[in-house]
Amino acid sequence: MGDCMKNVLLVTAALLISAGSALADSGWDDTLAKARGQTVYWNAWAGDERTNAFISWAGEQVKARYGVTVQQVKLTDTAEAVTRVIAEKAAGKAQGGSVDLIWINGPNFLSMKEKELLHGPFVAGLPNARFLDLSTSSAASVDFTVPVEGYESPWRLAKFVFNYDSARVQAPPKSMKALLEWAKANPGRFTHPDVSNFMGATFLKQALIELTPDRSVLQNPVTDASFDTVSAPLWAWYDALRPNLWQGGKTFPANGSAQQQLLNDGEIDMSMSFDPASAAAAIAEGQLPDTIRTYSLEGGTIGNIGFVAIPFNAAHKEGAEVVANFLLEPETQAHAQDISVLGSFSVLDQNRLDEQQKALFASLPKSPALPGNAELGETLLEPHASWMTRLSEEWTKRYTK
């Protein structure tokens with residue numbers, strides 16, 4: 001092939017790429033035009049005031065920039081929104097649904113995907129998706145072992161960590177087996193949230209991953225046979241731990257916030273969180289003593305990403321996509337990671353940011369209680385969503401009845 005022909009092909013390829021980019025831009029411009037004036041009903045768990053405040057701030061920004069109004073529908077359980085969409089589909093309401101956007105992951109996403117209740121795939125069409133690692137094995141592409149396949153967009157990173165009071169604990173346990181020995185030596189100084197709450201269930205899942213001989217089984221749906229075999233070491237460990245828990249393991253804090261209050265009151269020495277920045281933020285707000293520190297386990301801890309999804313019958317799909325795209329802007333992610341705002345670690349691939357965008361994160365406030373990315377260690381995959389349900393049911397049967 002001569003040089004002249006090569007040049008022609010290169011020019012042709014460049015024109016095709018440019019045309020493709022222009023078409024993509026044109027598609028997003030159409031989305032922006034249709035979104036303007038829409039009101040997006042964002043259904044989101046409302047149990048954390050900082051998250052509610054962040055959603056309110058995001059709504060102000062989206063309104064000012066794109067003319068899209070965000071109305072948070074505050075939920076006590078994400079399943080409330082899922083149930084509403086299911087009911088609308090059963091009633092034949094294929095358009096004009098009441099739910100535009102849902103903060104979702106895990107079993108609720110699996111349920112909606114299996115029932116074909118989701119709009120999409122839409123993530124690849126978001127301009128800010130270029131900042132994400134969307135390879136098939138990345139955390140942004142898998143939700144509790146379920147491939148996302150573009151049906152939900154990431155917006156915040158969660159990772160299981162422990163918090164401890166360094167004024168009373170000199171060497172916190174770095175594994176679940178070490179935690180049992182520490183609890184025996186310090187009876188009544190540790191507890192976990194009730195397992196009906198996701199934080200309590202996550203504590204059990206973390207222990208299950210560490211204690212079971214073959215954790216790869218956890219990536220598959222649970223079966224009767226696999227559950228009995230795989231969970232046996234967990235229950236043996238928990239039987240030994242329970243008598244040494246706060247109040248003898250006969251009662252439990254309702255959720256992570258209640259457990260944090262026990263830590264603040266000096267009732268216990270350790271707590272847990274799915275937000276590595278939560279303790280640093282609580283210290284800044286005077287809700288925890290400044291001697292609290294946050295750490296991860298030596299073998300790593302469970303991590304997952306919070307997503308937003310759009311129901312198949314959403315009345316304002318374009319507005320919902322604009323909100324999802326806004327949540328992925330580097331400036332938005334840096335604002336969310338600020339411990340004085342939300343303290344939520346970014347879902348963006350830092351290698352895809354330019355120097356100016358990286359500087360947004362480098363300049364964020366620091367705290368002795370805030371671990372760095374390296375200190376957080378390995379991120380362990382969540383078990384298949386069916387394990388969480390089964391673990392909660394078994395724990396309830398064994399220890400509350």
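Residues numbered from 1 in each chain as written. Predicted model: local features only at pLDDT ≥ 70, side-chain atom pairs only at ≥ 80, totals over all residues. Heavy atoms only, no water.

Trainee: What is the right way to look at the overall build of the protein chain in this model?
Mentor: Regarding its fold elements, the protein chain presents 13 helices and 11 strands. Relative to the compact-globule value of 21 Å for 401 residues, the protein chain shows a C-alpha radius of gyration of 23 Å, a close match. With the C-alpha coordinates aligned to their principal axes, the bounding extent of the protein chain is approximately 75 × 50 × 50 Å. Going through the 401 residues of the protein chain one by one, you find that 51% of them count as buried. (Helix = DSSP H or I, 4+ residues; strand = E, 2+ residues; numbered from the N terminus. Rg over C-alpha atoms; globule rule 2.2 N^0.38 Å. Buried < 20%, exposed > 50% of the residue type's maximum accessible area, 1.4 Å probe, protein only.)

Trainee: What is the right way to read the sheet that holds strand β9 (residues 292-295) from this model?
Mentor: The strands making up a sheet are joined through hydrogen bonds of the backbone, oriented either antiparallel or parallel. Within the open sheet, the three strands sit side by side as β8-β7-β9. Their pairing is antiparallel. Bordering the open sheet on either side are β8 (270-273) and β9, each of which pairs with just one other strand. The average undirected angle you get between the axes of adjacent strands in this sheet is 25 degrees. (Pairing = 2+ DSSP bridges. Axes fitted to C-alpha atoms, helices over the stretch in contact; angles between N-to-C directions.)

Trainee: Before we go on, may I ask you to explain the packing of aromatic side chains in this structure?
Mentor: We describe a pair of aromatic rings using the distance from one ring centre to the other and the angle between the two ring planes. Enumeration over the complete set of coordinates arrives at 20 aromatic pairs. Between Trp 45 and Phe 198, the aromatic rings sit 6.4 Å apart at their centres with planes inclined by 80 degrees, giving edge-to-face as the arrangement. Of this pair, Trp 45 sits in strand β1 (residues 39-45) while Phe 198 sits in helix α6 (residues 198-211), and the two are 153 residues apart along the sequence. Note on Trp 45: relative accessible area 29%, which makes it partly exposed. (Phe/Tyr/Trp six-rings, centres within 6.5 Å; stacked < 30°, edge-to-face > 60°.)

Trainee: When you look at the side chain of His 119 in this model, what are you seeing that I'm missing?
Mentor: Inspection of the secondary structure assignment puts His 119 in the loop between α4 (107-114) and β4 (142-143). A distance of 2.9 Å separates polar atoms of two side chains, one belonging to His 119 and the other to Glu 321. Excluding residues within four positions of it along the chain, His 119 makes contact with Tyr 151, Ile 310, Pro 311, Phe 312, Lys 317 and Glu 321. (Polar contact = N/O pair within 3.5 Å; in protein donor to acceptor, adjacent residues only side chain to side chain. Contact = heavy atoms within 4.5 Å.)

Trainee: Sorry, what's going on with unusual backbone geometry here?
Mentor: Most peptide bonds take the trans configuration, and most residues that are not glycine carry a negative phi. Across the junction of Gly 120 and Pro 121, the peptide omega takes the value 0 degrees, indicating a cis bond. Within the secondary structure, Pro 121 sits in the loop between α4 and β4. A positive phi angle is found at Thr 145, which is not glycine, with a value near 75 degrees. Within the secondary structure, Thr 145 is located in the loop between β4 and β5 (146-147). The phi angle at Glu 149 is positive, at roughly 55 degrees, despite the residue not being glycine. For Glu 149, the location among the structural elements is in the loop between β5 and β6 (153-159).

Trainee: I'm lost on the environment of Pro 193 in this one. Help?
Mentor: Take Pro 193: it is sitting in the loop between α5 (176-185) and α6. Through-space distance from the C-alpha of Pro 193 to that of Met 272 is 8.8 Å; in sequence the pair is 79 residues apart. With sequence-adjacent residues up to four places away left out, Pro 193 is seen in contact with Met 199, Gly 200, Phe 252, Pro 253, Asn 255, Gly 256, Gln 259 and Met 272.

Trainee: Help me out: how do you make sense of the packing of α5 against helix α7 (residues 224-241) in this one?
Mentor: Axis separation between α5 and α7 bottoms out at 9 Å; the angle between their running directions is 20 degrees. One finds that α5 runs roughly parallel with respect to α7. Considering only the axes of α5 and α7, their crossing is left-handed. In this structure, α5 contributes Met 176, Lys 177, Leu 179, Leu 180 and Ala 183 to the contact, and α7 contributes Trp 237, Ala 240 and Leu 241. Considered class by class, the residues forming the contact of α5 with α7 number seven nonpolar, no polar and one charged. (Parallel < 35°, antiparallel > 145°, perpendicular 65-115°, else oblique. Left-handed = near helix turned anticlockwise from the far one by under 90°. Nonpolar A, V, L, I, M, F, W, Y, C, P; charged D, E, K, R; others polar.)

Trainee: Even after reading the chapter, I still don't get helix α8 (residues 256-264), so can you show me in this structure?
Mentor: When α8 is considered as a whole, its buried residues turn out to be Gln 259, Leu 262 and Leu 263. Buried residues of α8, viewed axially, fall in a sector of 100 degrees; they line one side. You can read the cap of α8 off the contacts: a side-chain oxygen lies 3.2 Å from the backbone nitrogen of Ser 257, and it is on Asn 255. Residue Gly 266 follows α8 closely and has a positive phi angle near 80 degrees. (Arc of directions from axis to C-beta.)

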